[in-house]
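A structural walkthrough
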Amino acid sequence: MPELPEVETVRRGLIPAIEGRVIAAARVNRPDLRWPFPPRMAQRLTGARITRLGRRSKYLLADLSSGETLIVHLGMSGRMLVSGAVMGRFHHDHPAPAKHDHVVFDMEGGARVTFNDARRFGAMDLIETDRVEDHWLLAGLGPEPLGNAFHQDYLVERLRGRMTPIKAALLDQRVVAGLGNIYVCEALHRAGISPKRKAGRISAARIAELVPVIRTVLQEAIAAGGSSLRDYRQSDGELGYFQHDFRVYGREGQPCRTPGCCGTVTRIVQSGRSSFYCPQCQR
Ligand SMILES: [Zn+2]
């Protein structure tokens, strides 16, 4: 499931193909993904120029010259494939239409962006650009973890008195937007905090330390995604999924990587989701 760094990598990979360019033709091959598409989506997109491709949490936001913004969520299995000419250079032949190619954008200049989503938990919607922050998918979101509004005083205040485990508190999208299971596990490990600790019982000093740790974990993953982008022209044009070396996530039973720690990475289930952590160095 793509998390914030994967979505940011998709955004950066799409920019050369679509930003500043007109959508010559949009094709919508079914009426819905997780939810119905907005009325007349293909017509509303065709002929519009994408003036800016932004991101909020795990949503891509394509501002259009028509005054609307296309909101895209990759869901569980959504993939973006780029083919044809990008930045005047030809990269990939357009692939043969595949099952689950639900939306296809043919850009002025020859690039094609194909949205493929086998499980159909993805979503697309259109809203006036002025009102995008009020869209029901975005309205309740907390600050961006890499933005200025997410800072130490904010997080300390937000978690004060909360009796939920810190793992659940950081996954709460109203507290901080876009953090998912993988990077919360990684951040808690680096901060030496057990995922089971009640958020409100952790000292303010240790909560404050979490903020730069969360930023570092995300920035390292985005950097890994950036390296994967440099290779994508040799692969199949798919954006956003890349190999990344995790310290605890998916490493149950393997030795902890904290220097000097002899612990073993352990998996527990919290709120129905796996938490990976080291009981030795995470307290
Ligand atoms: Zn350890």
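Structure: above.
Residues numbered from 1 in each chain as written. Predicted model: local features only at pLDDT ≥ 70, side-chain atom pairs only at ≥ 80, totals over all residues. Heavy atoms only, no water.

1. Side note on the side chain of His73
Checked against the element boundaries, His73 lands in strand E4 (residues 68–73). Polar contacts involving the side chain of His73 include one to the main-chain amide nitrogen of Gly75, which spans 3.2 Å. If we ignore the near neighbours within four places in the chain, the residues touching His73 are Lys58, Tyr59, Phe115, Phe121, Gly122 and Ala123. (Helix = DSSP H or I, 4+ residues; strand = E, 2+ residues; numbered from the N terminus. Polar contact = N/O pair within 3.5 Å; in protein donor to acceptor, adjacent residues only side chain to side chain. Contact = heavy atoms within 4.5 Å.)

2. A look at the packing of aromatic side chains
According to the stated counting rule, one finds five aromatic pairs in the structure shown. Taken together, a centroid distance of 4.9 Å and an interplanar angle of 80° make the contact between Trp35 and Trp136 edge-to-face. Placement of the pair is Trp35 in the loop between strand E1 (23–28) and helix H2 (41–45) and Trp136 in the loop between strand E9 (123–128) and helix H3 (152–159), with a sequence separation of 101 residues. Residue classification places Trp35 among the partly exposed positions, given a relative accessible area of 34%. An angle of 70° between the planes, with centres 6.0 Å apart, marks the rings of Tyr183 and Phe246 as edge-to-face. Taken as a pair, Tyr183 in helix H5 (residues 181–191) and Phe246 in the loop between strand E10 (238–239) and strand E11 (266–270) lie far apart in primary sequence, 63 residues in all. The pair formed by Tyr183 and Phe246 is uniform in burial state, with each residue classed as buried. One aromatic cluster in this structure is built from Tyr183, Phe246, Tyr249 and Phe276. (Phe/Tyr/Trp six-rings, centres within 6.5 Å; stacked < 30°, edge-to-face > 60°. Buried < 20%, exposed > 50% of the residue type's maximum accessible area, 1.4 Å probe, protein only.)

3. Quick word on the sheet that holds E9
Each strand in a sheet pairs with its neighbour through backbone hydrogen bonds, running either in the same direction (parallel) or in the opposite one (antiparallel). With antiparallel pairing, the four strands of this open sheet are ordered in space as E2-E3-E4-E9. Strand pairing shows two members of the sheet lacking a second neighbour, strand E2 (50–56) and E9, which therefore form its edges. Geometrically, the sheet is characterised by an average inter-axis angle of 20° between neighbouring strands, direction not taken into account. As judged from the six bridges shared by E4 and E9, these two strands associate in the antiparallel manner. Each residue of the ladder has a partner; that of Glu68, found in E9, is Glu128. Sitting on the sheet, helix H1 (residues 4–18) is in contact with E2 and strand E3 (59–64), with an inclination near 175° to E2. (Pairing = 2+ DSSP bridges. Axes fitted to C-alpha atoms, helices over the stretch in contact; angles between N-to-C directions.)

4. Section: the side chain of Thr114
Here Thr114 is to be found in strand E8 (residues 112–117). The buried category is assigned to Thr114, whose relative accessible area is 5%. Leave out the neighbours within four places in its chain, and Thr114 touches Arg79, Met80, Leu81, Asp101, Val103 and Val104.

5. Digging into H1
In an α-helix, one turn spans 3.6 residues, which is why side chains three or four residues apart end up on the same side. Between its terminal C-alpha atoms H1 stretches 20 Å, which fits the 21 Å expected from 15 residues at 1.5 Å a residue. Most of H1 sits out of view: 12 of its 15 residues are buried. Taken as a whole, H1 has its buried residues at Leu4, Pro5, Glu6, Val7, Glu8, Thr9, Val10, Arg11, Gly13, Leu14, Ala17 and Ile18. At the C-terminal side of H1, Gly20 shows a positive phi close to 85°. (Expected span 1.5 Å × (residues − 1).)

6. Topic: the coordination of the zinc ion
Around a metal, the perfect tetrahedron of four donors has angles of 109.5 degrees, and the perfect octahedron of six donors has angles of 90 or 180 degrees. Bound to the zinc ion are the protein donor atoms Cys256 (SG), Cys261 (SG), Cys278 (SG) and Cys281 (SG), situated 2.3 Å from the metal. Around the zinc ion sit four donor atoms; with metal-centred angles ranging over 103 to 116°, the donor geometry is tetrahedral. On the primary sequence, the residues serving as donors to the zinc ion are separated as C-x4-C-x16-C-x2-C. The class for Cys278 is buried, based on a relative accessible area of 0%. (Donors = N, O, S within 2.8 Å, 3.2 Å for Na, K, Ca; no water. Tetrahedral: all angles 85-135°; square planar, octahedral: opposite > 155°, others 65-115°.)

7. Structural notes on the pairing of strand E5 (residues 78–86)
The element E5 is extensively covered by neighbouring structure, given that eight of its nine residues are classed as buried. Looking at chain direction, E5 and E8 are connected through six bridges and run antiparallel. Paired with Met80 across the strands is Phe115, a residue of E8. Alignment of E5 against E10, held across two bridges, turns out to be antiparallel. Note that in E10 the partner of Met80 across the bridge is Leu239.

8. Examining the pairing of E11
Note that E11 and strand E12 (residues 273–277) share five bridges and pair antiparallel. In the sheet register, Thr266 faces E12, and the bridge partner there is Tyr277. From the end of E11 to the start of E12, which pair antiparallel, there are two residues, and Ser271 there has a positive phi angle of about 50°.

9. Comments concerning the pattern of salt bridges
Tallied over the entire structure, the rule returns 18 salt bridges. Arg55 is paired through a salt bridge with Glu144; the nearest N and O atoms lie 3.0 Å apart. Residue Arg55 is located in strand E2, and its partner Glu144 is located in the loop between E9 and H3; the two are separated by 89 residues in the primary sequence. Taking the relative accessible area as the measure of exposure, Glu144 reaches 17% and is therefore buried. Put simply, Glu157 and Arg160 hold a salt bridge, and the shortest N to O gap is 3.1 Å. Several salt bridges converge on common partners, so that one network encompasses Glu8, Arg11, Arg12, Arg55, Arg56, Glu133 and Glu144. (Salt bridge = Lys/Arg side-chain N within 4 Å of Asp/Glu carboxyl O.)

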